[in-house]
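# Structural description and commentary
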Amino acid sequence: TDSQQRLLLEASWEAIERAGIDPVSLRDSQTGVFAGVMYNDYGTTLNGEEFEGFQGQGSAGSVASGRVSYALGLEGPAVTVD
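As the structure is a prediction and not an experimental result, all values here were calculated from the model. (Residues numbered from 1 in each chain as written. Predicted model: local features only at pLDDT ≥ 70, side-chain atom pairs only at ≥ 80, totals over all residues. Heavy atoms only, no water.)

### Considerations on the pattern of salt bridges
Two side chains that carry opposite charge are able to pair once their charged atoms sit near each other. Evaluated as defined, the whole model comprises one salt bridge. Salt-bridge contacts for Glu14 lead to Arg18; the nearest nitrogen and oxygen are separated by 2.7 Å. Remark: Arg18 and Glu14 occur in helix α1 (residues 3–18); sequence separation between them is four residues, near one turn of the helix. (Salt bridge = Lys/Arg side-chain N within 4 Å of Asp/Glu carboxyl O. Helix = DSSP H or I, 4+ residues; strand = E, 2+ residues; numbered from the N terminus.)

What follows is the structure in structure tokens.
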């Protein structure tokens, strides 16, 4: 997984906790995730065949908001803006 996406997931979890909300309580809610992503260059470092499983969606910036939404079990919109 792109390190940028891992950081987004960690920061999202922490932001929810700091707002005084239990992240687990948001599961199945209509909560949306909107993220701005740039410098999507992680995929260019995965050139060899041994990284084949990490190419594609694992490094696509467009799935960043969806990854957060899925990890938290959210049912609202998930939009990533480049």
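Having seen the model, we can carry on.
### Notes on α1
With 16 residues, α1 extends 22 Å between its outermost C-alpha atoms, agreeing within 8% with the 22 Å of an ideal straight helix rising 1.5 Å per residue. Within α1, the full set of buried residues consists of Gln5, Ser12 and Ile16. Buried residues along α1 cover an arc of 25° about the axis, so they all sit on one side. Seen from the open side of α1, the exposed residues pointing more than 90 degrees away from its buried face are Leu7, Glu10 and Arg18. Residues of α1 that are buried sit in contact with α2 (64–72). After α1 finishes, the residue Gly20 shows a positive phi value of roughly 85°. (Expected span 1.5 Å × (residues − 1). Buried < 20%, exposed > 50% of the residue type's maximum accessible area, 1.4 Å probe, protein only. Arc of directions from axis to C-beta. Contact = heavy atoms within 4.5 Å.)

### Things to note about the side chain of Ser65
Tracing the chain through its elements places Ser65 in helix α2. Given a relative accessible area of 1%, Ser65 falls into the buried group. Excluding residues within four positions of it along the chain, Ser65 makes contact with Val33, Ala35, Ala78, Val79 and Thr80.

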